[in-house]
Amino acid sequence: MKNLYAITAIAGILTIASLAAMASGSNHAPPQDNLNAISRLHHWSGIWQGSGWAMSGPGQRQTFEITEQVTKRLGGTILLVEGRGTSTGPNGREIVTHEALGVVYYDSATQRYNFQTHDMRGGAHEVELEIDDQDLMRWSFRDEGSGSLLRFEIEISGDTWHETGQISPDGGQTWYPMLEMTLDRQQAGVRTE
């Protein structure tokens, strides 16, 4: 019986300590280095719309309309990137050609930005997002299906997002354009939930 009282007393003390920490907010403050790192990308937040083209095969260029929404989440420690592209099919109906979800976060242990992406075809990648002194964003990865290398670059200039993509079927020796799009900011993003 003494052990039961001791366990109950310890559980009560731990519960009170946890509630006190939660009330003071000490467990819920986002890490400052993560906030500082993600704030470097504040110019990317917003709702963007535009158009572009992508290669769907050798000599097969497909045009599309696209909307991207970039929002701060988890207290401003990550960016959620949601994209949806559409084209007009042969029958005149709208076809979804691109739907993807990405999360950008800063890893303070490695001091690098990571970009985790998922698309409607089941593709998923986690890559390093490189950001240069002019805030140009770049990332790359190997396509598992073809073995080709893919690389992308985003430049934000004022309220214009310009993105290009290239493909290399020979391990990075030769690069070919495979995607280009230009979007205009429709609304600034301020959500930080």
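1. Remarks on the sheet that holds strand 3 (residues 78–88)
Thought 1: Read once around its circumference, the closed barrel built from 10 strands follows the order 1-2-3-4-5-6-7-8-9-10, with strand pairing classed as antiparallel. Shown here is a sheet whose adjacent strand axes are inclined to one another by a mean of 25 degrees, direction ignored.
Thought 2: Taken together, the 11 bridges between strand 3 and strand 4 (residues 94–107) define a ladder with antiparallel strand orientation. Looking across to strand 4, one finds that Arg84 is bridged to Glu99.
Thought 3: Here helix 2 (residues 32–39) sits on the sheet in contact with strand 3, strand 4 and strand 5 (112–119), set at roughly 135 degrees to strand 4.

2. So, the environment of Val104
Thought 1: For Val104, the location among the structural elements is in strand 4.
Thought 2: When its relative accessible area of 0% is taken as the criterion, Val104 is described as buried.
Thought 3: Sequence separation between Val104 and Phe115 is 11 residues, and the spatial gap between their C-alpha atoms is 4.6 Å.
Thought 4: Once you skip the residues sitting within four places of it in the chain, Val104 turns out to touch Ile38, Leu41, Trp44, Thr77, Ile78, Leu79, Val81, Asn114, Phe115 and Leu129.

3. Considering the pattern of salt bridges
Thought 1: Evaluation of the coordinates by the stated rule reveals five salt bridges.
Thought 2: Ionic pairing is found between Arg112 and Glu128, a salt bridge with its closest N-O pair at 3.7 Å. Separated by 16 residues along the polypeptide, Arg112 in strand 5 and Glu128 in strand 6 (residues 124–131) bring together distant segments of the chain.
Thought 3: Arg185 is the salt-bridge partner of Asp159, the closest N and O atoms lying 2.7 Å from each other. With a gap of 26 residues between them, Asp159 in the loop between strand 8 (149–157) and strand 9 (160–168) and Arg185 in strand 10 (residues 176–188) connect regions that are remote in the sequence.

4. Brief notes about the packing of aromatic side chains
Thought 1: Under the counting rule described, the total for this entry stands at seven aromatic pairs.
Thought 2: With a centroid separation of 5.1 Å and an interplanar angle of 80 degrees, the aromatic rings of Phe115 and Trp139 are classed as edge-to-face. Taken together, the positions of Phe115 in strand 5 and Trp139 in strand 7 (residues 137–142) put the pair 24 residues apart, joining distant regions of the chain. Pair check on accessibility: Phe115 and Trp139 agree, each one buried.
Thought 3: A centroid spacing of 6.1 Å and a plane angle of 20 degrees characterise the contact between Phe141 and Phe152, whose relative ring orientation is stacked. Of this pair, Phe141 sits in strand 7 while Phe152 is found in strand 8, placing the two residues 11 residues apart along the sequence. With respect to class, Phe141 is no different from Phe152; both count as buried.
Thought 4: Feature note: the residues Trp44, Trp48, Phe115, Trp139, Phe141, Phe152 and Trp161 constitute an aromatic cluster, connected by ring pairs.
Thought 5: When the ring centre of Trp53 is taken as reference, the NZ or CZ atom of Arg61 above it lies at 3.7 Å.

5. Remarks on the side chain of Ser45
Thought 1: By secondary structure assignment, the location of Ser45 is in the loop between helix 2 and strand 1 (46–57).
Thought 2: When residues no more than four places from it in sequence are discounted, the contact partners of Ser45 are Val70, Lys72, Leu79, Arg185, Ala188 and Gly189.

6. Regarding the layout of surface pockets
Thought 1: Of the volumes computed, that of the largest pocket is approximately 1,300 Å³.
Thought 2: Considering the residues around the largest pocket, the lining is formed by 42 residues, among which His98, Asp119, Arg121, Phe152 and Met178 are closest to the centre.
Thought 3: The biggest single contributor to the lining of the largest pocket is strand 4, with six residues.
Thought 4: Residue assignment for the lining of the second largest pocket shows that the elements contributing at least two residues are strand 6, strand 7, strand 8 and strand 9.

7. Points about the nonpolar core
Thought 1: Trp44, Val104 and Trp161 are the most contacted members of the largest nonpolar core, which totals 29 residues.
Thought 2: Sequence-distant contacts of Trp44, defined by excluding residues within four places in its chain, comprise Val70, Leu79, Val81, Val104, Phe115, Met137, Ile154, Ile156, Trp161 and Arg185.

8. Examining the pairing of strand 3
Thought 1: Of all 11 residues in strand 3, eight are buried; the element is thus mostly enclosed.
Thought 2: Between strand 2 (residues 60–73) and strand 3, which follow one another and run antiparallel, lie four residues, and Leu74 among them has a positive phi close to 50 degrees.
Thought 3: Taking the residues between adjacent antiparallel strands as the criterion, strand 3 and strand 4 are bridged by five residues, where Gly92 takes a positive phi near 85 degrees.

Reading the values: rules and limits
Residues numbered from 1 in each chain as written. Predicted model: local features only at pLDDT ≥ 70, side-chain atom pairs only at ≥ 80, totals over all residues. Heavy atoms only, no water. Pairing = 2+ DSSP bridges. Helix = DSSP H or I, 4+ residues; strand = E, 2+ residues; numbered from the N terminus. Axes fitted to C-alpha atoms, helices over the stretch in contact; angles between N-to-C directions. Contact = heavy atoms within 4.5 Å. Buried < 20%, exposed > 50% of the residue type's maximum accessible area, 1.4 Å probe, protein only. Salt bridge = Lys/Arg side-chain N within 4 Å of Asp/Glu carboxyl O. Phe/Tyr/Trp six-rings, centres within 6.5 Å; stacked < 30°, edge-to-face > 60°. Lys NZ or Arg CZ within 6 Å of the ring centre and 35° of its normal. 1 Å grid on protein atoms, 1.4 Å probe; cavity = no way out; pocket = protein on both sides within 12 Å on 5 of 7 lines; lining within 4 Å. Points joined across faces, edges and corners; volume = space filled by probe spheres on them. Core = buried A, V, L, I, M, F, W, Y, C linked by side-chain atoms within 4.5 Å.

Everything listed here is a matter of coordinates, which is why it stays silent on function.
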